[in-house]
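An overview of the molecular structure
Spelled out from the first residue to the last, the chains are:
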Amino acid sequence: MFGTQKGLEDAMPYYFIDYREKLSDDPAIRWTDRVYPDGYWEPNLFQFFNRVYPKIRQALPVPFKMEGVVRIDYTPAHKALREAIVNCLVHASYGLMHNIVIERYPDRLVFRNPGTMLIPVEKFFAGGTSICRNSYLQKMFGFIGYVERAGSGADTILQGWKENNWPKPQIRELYDPDQVELTLYFKSLDTRNEPKPDTDDDTKSGTNKLTDRQRLIYNIIAAADTNDDTNKMTPTSSSIADALKVSLSTVKRELDKMKDIGVIRRVGPTFGGHWEIVKK
């Protein structure tokens, strides 16, 4: 967990941890980024996690979500991702001649560790059943707050992906050498079976033309519109900028674009007025 490179090499000759990003279509570019024991850092699990998690966190198509006008940076998908890394590290057989490998692709993340499943795959997906190969590693990750509780990994991963309507995580066992591979996809494996979005309301209101940021702004304004509280606070450009953690000029620019699209309108003067949704 906290070993030095020399100590790790002496204790476990086959120990090797490797993170690879493959985000380029250019065959001449093997990796777009990589984290591995290169002599510039102590390649223990603590250091590896803290270097890799921020990188693959950027892969999530849901960087944050909104609860009213409050930005939530840590979503169930982030929890699932963190659990996937910890599971890969605490369930590895470190005496086997194979590496721990985490790979990032444009549409998926792959976690591969040496060893075999200690429970059937069906029980893993059913949740609530867990046998940890390295219980002390699991406890240490728990002590520093990187896992919720023992045995919760499968439940957390499944819930995080289900909430975003992403495909069910896939697990397979490989042999010669023994490995377990977990794959997390960000989009449907078969686009023919993807449900068609209900776009009638979006088409009528013009919200189908909004960017992701503009849709967040739209939701903030819409939430205020549906609030029956007579003392409600209508969102201002400043409050929206604070919620999204962007500059005021960025919000004003987005509001002007949304006004041109016809999904919002300004009510009242520049100072003292507010924005509201255009009802179709």
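Below you will find a few notes about this structure. (Residues numbered from 1 in each chain as written. Predicted model: local features only at pLDDT ≥ 70, side-chain atom pairs only at ≥ 80, totals over all residues. Heavy atoms only, no water.)

Looking at the secondary structure, you find Pro-114 in strand E6 (residues 108-114). Separated by 17 residues in the primary sequence, Pro-114 and Met-97 have C-alpha atoms spaced 7.8 Å apart. (Helix = DSSP H or I, 4+ residues; strand = E, 2+ residues; numbered from the N terminus.)

This next bit is on the packing of helix H2 (residues 45-57) against helix H3 (residues 76-90). Put simply, H2 and H3 touch, their axes get as near as 11 Å, and they point 145 degrees apart. For the crossing formed where H2 meets H3, the hand is right-handed. Packed against H2, whose contacting residues are Leu-45, Phe-48, Phe-49, Tyr-53, Ile-56 and Arg-57, the element H3 presents His-78, Leu-81, Arg-82, Ile-85, Val-86 and Leu-89 at the interface. Grouping the constituent residues of the contact of H2 with H3 by class yields nine nonpolar, one polar and two charged. (Axes fitted to C-alpha atoms, helices over the stretch in contact; angles between N-to-C directions. Left-handed = near helix turned anticlockwise from the far one by under 90°. Contact = heavy atoms within 4.5 Å. Nonpolar A, V, L, I, M, F, W, Y, C, P; charged D, E, K, R; others polar.)

Let us now look at helix H10 (residues 248-261). Helical periodicity: at 3.6 residues per turn, an α-helix aligns residues three or four positions apart in one direction. For H10, which comprises 14 residues, the first-to-last C-alpha distance of 20 Å matches the rise-based estimate of 20 Å (1.5 Å per residue) to within 8%. Taken together, the buried positions of H10 are Thr-250, Val-251, Glu-254, Leu-255 and Met-258. Across the axial projection of H10, the buried residues extend over an arc of 130 degrees, all falling on one side. (Expected span 1.5 Å × (residues − 1). Buried < 20%, exposed > 50% of the residue type's maximum accessible area, 1.4 Å probe, protein only. Arc of directions from axis to C-beta.)

The full count for this structure, using the stated rule, is nine aromatic pairs. Ring geometry for Phe-49 and Tyr-53: centres 5.6 Å apart, planes at 10 degrees, overall stacked. Taken together, the positions of Phe-49 and Tyr-53, both in helix H2 and four residues apart, correspond to about one turn of that helix. Geometrically, the ring pair formed by Phe-141 and Tyr-146 is tilted, given 6.2 Å between the ring centres and 35 degrees between the ring planes. What makes Phe-141 buried here is its relative accessible area of 0%. Taking relative accessible area as the criterion, Tyr-146 reaches 16% and is therefore assigned buried. Members of the aromatic cluster, connected to one another through ring pairs, are Phe-49, Tyr-53, Phe-141 and Tyr-146. (Phe/Tyr/Trp six-rings, centres within 6.5 Å; stacked < 30°, edge-to-face > 60°.)

Our next topic: the pairing of strand E5 (residues 100-104). A large share of E5 lies buried, amounting to five of its five residues. The alternating pattern of E5 places Ile-100, Ile-102 and Arg-104 on one face and Val-101 and Glu-103 on the opposite face, and all of these are buried. As defined by bridge partners, strand E1 (residues 17-21) adjoins E5 across five bridges and the pair is classed as parallel. Across the sheet, the residue bridging to Ile-17 is Ile-100, located in E5. Once E5 ends, the chain turns through three residues before running back antiparallel as E6. (Pairing = 2+ DSSP bridges.)

Structurally, Tyr-105 is set in the loop between E5 and E6. Remark: the alpha-carbon pair of Tyr-105 and Arg-20, spanning 85 residues in sequence, is separated by 8.9 Å. Once residues lying within four places of it in the same chain are set aside, the contact partners of Tyr-105 are Lys-22, Leu-23 and Val-110. A polar side-chain atom of Tyr-105 sits 3.4 Å from a polar atom in the side chain of Lys-22. (Polar contact = N/O pair within 3.5 Å; in protein donor to acceptor, adjacent residues only side chain to side chain.)

Bringing the sheet that holds E1 into the picture now. If you walk across this open sheet you meet the six strands as E2-E1-E5-E6-E8-E7, and the pairing is mixed. The open sheet has two edge strands, strand E2 (33-35) and strand E7 (170-174), and neither has a second partner. Each adjacent strand pair in this sheet contributes to an overall mean axis angle of 15 degrees, direction not counted. Sheet analysis places E5 next to E6, joined by four bridges and oriented antiparallel. Its bridge partner being in E6, Val-101 is matched across the sheet by Arg-112. Set on the sheet, H2 makes contact with E1, E2, E5 and E6; between it and E1 the angle comes to about 10 degrees. Against the sheet, H3 makes contact with E5, E6 and strand E8 (179-185), and its axis sits at roughly 20 degrees relative to E6, the strand it touches most.

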